[in-house]
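Tertiary structure, described
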Amino acid sequence: MPICHSQGTASIGRYLLLTCLLACFPTVSTAQQPRDPNAVPANAVPANAQPRYWTTNWSFEDINVGKLADRLDAIDIDIGVNLRGKVSVQFEVGIPVTSLGDAAAYRFDGTLTSPSLVVDGVLLKDLSTSVSYRDGMVTLENLSSLVIDQDESTKSPGYIKGRATAELVPREDVTAEIAINNLAVAPLADLLAKYLGQPQDTLPGEGTLSGNVKFRVPLNTAGDIATYQLDGNLSGRGLRVASLPAADFDFRRVRIQDETLLVDDFSLTAIANDRSGQSIRLLGNASFPLSSQGEFTVELFGDDIPVGTVAEWFVPRSDANAIPLVRGKVDFQITGNGKLAETIERSQWNIRGAIASPQLHVAGVDLGTIEHHVELTASEFNISPIRDLTNLPKSVRIGELKSRYSLSDEALTIEQVDATLFSGSLSGSANIPFSQSGIARANLSITAIKPRLQTFVAGRRLNVSATLDGDVDWQVPLAAVDQPSEHSGQAKLALSDVTIGEANIGSMRASASADTGDISFTANGRLFDGKITVATTAKMFADDRWSDLPLRLAATVFKFDDVSLDRLYEIATGTRLDLTGSASGEVNIVDWNPIGGKNATLPSADIRLALSRVSYRSRLLSRSMRLNSRLRNNALQIISLTGDYADGSARINGRVYLFDEHTTLRPRADLHISASRINLQHGLWFLGDAAGDFQGRASIAATVAGYQDSIRVRGNADGRDLVIYGMQLGNAHSGLTAEANVLRQSWKVRFASVRSSQGGGEVEGELSLASTRRGSGGVDLESRWHTRRVDFVRLTQQLGRSTSVARGEITGDLTLNGKSIQSVDDLNGRFRFALGQTRGSAIPGMVGVSRFLGPVSLVNQRFDVGEAKGFIGRGAITFDEFWVGSDSALVQADGKVFIRSGRMDLNALIATGDYRDIAANFAQLAQQYALRSLLPASAILDISELLRDRTLVVHVIGTVQDPVVRVQSVQTFREEAARFLLREGQRLILTGITAGAVDGLD
């Protein structure tokens, strides 16, 4: 950067020289007309005689400088820049009438102005200066001009002020004292690239310069920065090179002397990126020869440099989630000196410094804490820890590195390198030629190195480590690096204690060799508790390139035996699954399909896989499942996937297309699935504990189609002995539809038309199961059911005791729903059933009540009408009202039955006996309160007093299997019971009157 800005100063010097030439053009054009060098000038005066002058005033308005430049070029005055615009001059001219051919004898004083002058694309506005010409030297005083960036005309212009002299006759030196402020570098970019011979995108294209500079340069070498004598200061703001962030710099003093650039006390500051706000600040001093030879010194300091962000300026990450090439912050200080000679062998340098970082990652490898000295000379490169090598903390993973090397125009030869790093060591030598005829060699030995790197597995960042041992002995002509047949050597690598996250997954050994075109690779070891082997060979020919390697591979076989499924799943997903088993198989690549480009295809392979003893929570799911498949034309053809599953059997066949029409990896399934007699409680293991609420066996025939983010399933399902959340469906059939998104791990299954024969009746409905959106496990359930003459006892067996004669029928509707269901406690719903042909023994607690009724027994009583309605929630069935009635008895109850424990808390009323003697009074009460929305307390007392000898009030507790019945006083009548008796008690009264009339006829 110092050289770049000095060249900018040189460009400004050229503008000053141009101004001098514009001011002197009348005199120069007259004095430099071509003439015979041996001729005696007309009107020549004797030596030492003063010429006689004719004084006149010259005024030139709006001179076209483009045409002027052409005229100057005609008399061999090359300005060297493109001009456009107009200038005006006002001069008092002294013409030496006795020495018209002597350009140095002319005199003039005056001003030069221009409202707008474009010099090589740089717009100068309001240019003005006073001009004096004496004895062949032009002097510019009070020079000032605005400098406009034509592409950013709305920005504030910069300006140039100063003075300058140019010794034109004879051509000697140009001197100048210049002050620049807010000078845009964008207009100068083309000129800098032109003079430096560099691409424009390597130079600043944005920003401004300010400073004060004094310089002297021979007129004939004004374009050569090495010939300047310069002193001054410079600063830049918002300088940007290509796509790099904008930077500010300050050179408190910059000098050029004796062809050497000296920069004292410089600083550079840049914002690393807009997101983090991290900044980069460098401080230092430097001196460099402006020619190819000479001494140099450098002193550079950096604090908290975000090296990862800096690396991304040059090597951007392709994916925001990818591991960055470099990550961490670095402090450093470097001092150095040396001498550049005509050849690199004769050059000398000695650079020393220190580097520190609390933690540094390179290509995902954790280098740990860096606190090291660095030394680079013309023959050695050494890194050593600042602390005692024998007492380094564990966070310091790089010990020391010592190397000897030699550098020439032909090659870099690393004679010996010895390093201790990552608890191991590395040693060897290498040769890197610079000419195509040289041979590149590497001989390395690795012992017990254990690096740790970070990588992404299934979208998760994981630490991976292994202990590495190996040897590499390889060579190839530099001109033939891309020719496999020219490579020769061997490489062996052993990886032990391979760890991903916190899990040790095993070890591997690999070897590769090349010899006159014969290339082989083998690997074997134990990973995930199984045995892994890989083997491949290839015969390469002289004209082959590495891209031809797949064509020459004779065979590639990948085998694995008894790989642990649970360990593989845990590493792949980061979660534990109580699923165990092992996988064995073989992948045989039959064709590598090396054609690249848009129509590239995956290798063709035959794949065989066997799963054994797959269990969930120690419950066997499958003894054996076998996959026979082929990979062809970017599609996986599943010839057959068969085996036993959840006490039944399963079979899958079809295709999985791996790429879409845009050749993007996006698997699409087209599969046929059939399963027979699957035990639902076992087969739905992936639902967790909720699987226990699905009982029975199911058979399915379906098609599976779609991409992983939109899988669709269509088919039919048959079930036997089905019980879903305690509701018996018996044998059922339904159409099946399902949708799934593998990426979001969401799914939904819908049985739209469930039909079942149950308990001598029919059950119809629809059922929908879905993954929960709450992330709390379980499933979401929606269902609607309608029953028709279904046996009450068989459907609700968990709610009561049954005998061989117990029976009852229900007809009605039930809704059963829930979110994130993990047990019956999460269910909710409503029900309303009409009851018919119900025997007393089917009602929980009725057997216990009978002992309080004397000779009257309701156990075998048949109730021909009734109703049950209520809701389900919080683990209980709540009866808003339950009643049954016959010609001789009424039973009414309300309360709760807790599903999980079977406990009951019911209040019941049983009305029996002869009501004929109270018929009139009862009818009067019924008529009096029939239309009341609320019964007064007096009405409840009247009803209880009237019926106390004919009704029994009980409290039923205990469980449905062992109810406890407690008799209550009639005074415990509640409004619901009283209203029920007013509504339904007339049945008994009417029956009693009818029976009495029949007796009277007798």
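An unreviewed UniProt entry annotates the chain as AsmA-like C-terminal region-containing protein of Aporhodopirellula aestuarii.

Below, the discussion takes up the overall build of the chain. When you go through the chain residue by residue, the secondary structure sums to 13 helices and 50 strands. Of all 1002 residues assigned to the chain, the portion counted as buried reaches 43%. Surface exposure of the chain reaches about 51500 Å², of which carbon and sulfur atoms provide 51%.

This part covers the environment of phenylalanine 833. In this fold, phenylalanine 833 is placed in strand β42 (residues 828-836). Residues phenylalanine 833 and alanine 868 lie 35 residues apart in sequence; the distance between their C-alpha atoms is 5.2 Å.

Note on placement: serine 357 falls in strand β15 (residues 348-362). Engagement of the side chain of serine 357 in a polar contact is seen with the backbone oxygen of lysine 329, the distance being 2.6 Å. Engagement of the side chain of serine 357 in a polar contact is seen with the backbone oxygen of glutamine 359, the distance being 3.2 Å. Setting aside anything within four residues of it in sequence, one finds serine 357 in contact with Lys329, Val330, Gly368, Thr369 and Ile370.

For the structure on display, the rule yields 12 aromatic pairs. Both rings, one in phenylalanine 108 and one in tyrosine 133, keep their centres 5.1 Å apart while their planes meet at 10°; by these two values the pair is stacked. One end of the pair, phenylalanine 108, is in strand β3 (residues 107-119); the other, tyrosine 133, is in strand β4 (residues 122-134), with 25 residues separating them in the sequence. Here phenylalanine 108 matches tyrosine 133 in class, with each residue buried. Taken together, a centroid distance of 5.4 Å and an interplanar angle of 45° make the contact between phenylalanine 215 and tyrosine 228 tilted. Of this pair, phenylalanine 215 sits in strand β8 (residues 204-218) while tyrosine 228 is found in the loop between β8 and β9 (229-241), placing the two residues 13 residues apart along the sequence. Feature note: the residues Phe831, Phe833, Phe879 and Phe882 constitute an aromatic cluster, connected by ring pairs.

In this section: the nonpolar core. Formed by 68 residues in total, the largest nonpolar core has its most connected members in Phe694, Tyr725, Leu781, Phe831 and Phe879. By residue number, the principal contributor to this core is strand β36 (residues 710-724), which donates five residues. The contacts of leucine 781, once residues within four sequence positions are left out, are Tyr725, Leu767, Ser768, Leu769, Leu816, Asn817, Gly818, Ile821 and Leu827.

Applying the stated criterion across every chain, the model contains 26 salt bridges. Close ionic contact of arginine 237 with aspartate 250 constitutes a salt bridge, the shortest N to O distance being 3.2 Å. With a gap of 13 residues between them, arginine 237 in strand β9 and aspartate 250 in strand β10 (residues 247-257) connect regions that are remote in the sequence. The structure contains a network of salt bridges with shared partners spanning Asp366, Arg397 and Arg452.

What counts as what
- Residues numbered from 1 in each chain as written.
- Predicted model: local features only at pLDDT ≥ 70, side-chain atom pairs only at ≥ 80, totals over all residues.
- Heavy atoms only, no water.
- Helix = DSSP H or I, 4+ residues; strand = E, 2+ residues; numbered from the N terminus.
- Buried < 20%, exposed > 50% of the residue type's maximum accessible area, 1.4 Å probe, protein only.
- Areas by Shrake-Rupley, 256 points an atom, 1.4 Å probe, with all protein chains shown as cover.
- Polar contact = N/O pair within 3.5 Å; in protein donor to acceptor, adjacent residues only side chain to side chain.
- Contact = heavy atoms within 4.5 Å.
- Phe/Tyr/Trp six-rings, centres within 6.5 Å; stacked < 30°, edge-to-face > 60°.
- Core = buried A, V, L, I, M, F, W, Y, C linked by side-chain atoms within 4.5 Å.
- Salt bridge = Lys/Arg side-chain N within 4 Å of Asp/Glu carboxyl O.

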